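# Examination of the molecular architecture
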Amino acid sequence: MTLPASVEGRATLRLFVALTLPPPVLSAIEAWQQAQLVGHDRVVPREYLHLTLAFLGSRPSVDAALVAAQVRAACASLEAPPVLEVRAYRETRSVGMLVLADEGGRAAALAEDVQRRLEQLGIYTRESRPWLPHVTVLRFRRPPRLRPSLPDLGAFSPSGAAVYHSLLRPGGARYVVLDSVALGG
């Protein structure tokens, strides 16, 4: 794996693994955000919409290749891609998200597989709360307590998985894809 110029030479990288969304889903979410969330703090841009499988935090840059290899292995072992569908909008203390139903639990099984593989390498520690399939669509300082209608995405499958580097910036994080793989290999 060759690191992009924007992260090359860094001793540490802020890493996470996520499922990527297909262009029609990205377009539908973006249109929904413009209709339902405009004027509310920081709407997450289209290029940063994803479904996090594991957040590793700050890691030595050499770990990026190890993470990518495990993500590739987990994705290659999938018998069928996850099928997701929007079931709710939810706010936490700092984000608004679309919570997804996970048909057959395949996304959860993939998250479990990726997390287990990374734990076995000693480079990841699971969060105490259970994994929740969701897409963060809005960031804020105070919850706006919105009750938007839900976007009509229908059932969809992620387009792939990626290892990301999260660059913290004053205006919000910027995500750089370090490696990506199609689901099913």
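Quick notes on the rules
Residues numbered from 1 in each chain as written. Predicted model: local features only at pLDDT ≥ 70, side-chain atom pairs only at ≥ 80, totals over all residues. Heavy atoms only, no water. Helix = DSSP H or I, 4+ residues; strand = E, 2+ residues; numbered from the N terminus. Buried < 20%, exposed > 50% of the residue type's maximum accessible area, 1.4 Å probe, protein only. Contact = heavy atoms within 4.5 Å. Expected span 1.5 Å × (residues − 1). Phe/Tyr/Trp six-rings, centres within 6.5 Å; stacked < 30°, edge-to-face > 60°.

## Remarks on the environment of Thr 136
Tracing the sequence through the fold places Thr 136 in strand β6 (residues 134-139). For Thr 136, a relative accessible area of 15% puts it in the buried group. As for Thr 136 and Val 43, which are separated by 93 residues in sequence, their C-alpha atoms are 9.1 Å apart. Aside from chain neighbours lying at most four places away, what touches Thr 136 is Val 44, Leu 49, His 50, Val 95, Gly 96 and Met 97.

## Considerations on helix α3 (residues 106-120)
For α3, which comprises 15 residues, the first-to-last C-alpha distance of 21 Å matches the rise-based estimate of 21 Å (1.5 Å per residue) to within 8%. Burial in α3 covers these residues: Ala 107, Leu 110, Ala 111, Asp 113, Val 114, Gln 115, Arg 117 and Leu 118. After α3 finishes, the residue Gly 122 shows a positive phi value of roughly 80°.

## Re helix α2 (residues 63-76)
Along an α-helix, residues three or four positions apart point the same way, because every turn accommodates 3.6 residues. If you check α2, its first and last C-alpha atoms are 20 Å apart, about what 14 residues at 1.5 Å a residue would give, namely 20 Å. Tucked into the core, α2 has its buried residues touching β1 (12-20), β3 (51-60), α3, β7 (160-167) and β8 (174-181).

## Remarks on the packing of aromatic side chains
Inspection of the entire model under this criterion finds five aromatic pairs. With a centroid separation of 5.1 Å and 75° between ring planes, the pair formed by Phe 16 and Tyr 175 is classed as edge-to-face. Of this pair, Phe 16 sits in strand β1 while Tyr 175 is found in strand β8, placing the two residues 159 residues apart along the sequence. Taken individually, Phe 16 and Tyr 175 each receive the classification buried, so the pair is uniform in this respect. One aromatic cluster is present, formed by Phe 16, Tyr 48, Tyr 164 and Tyr 175 through successive ring pairs.

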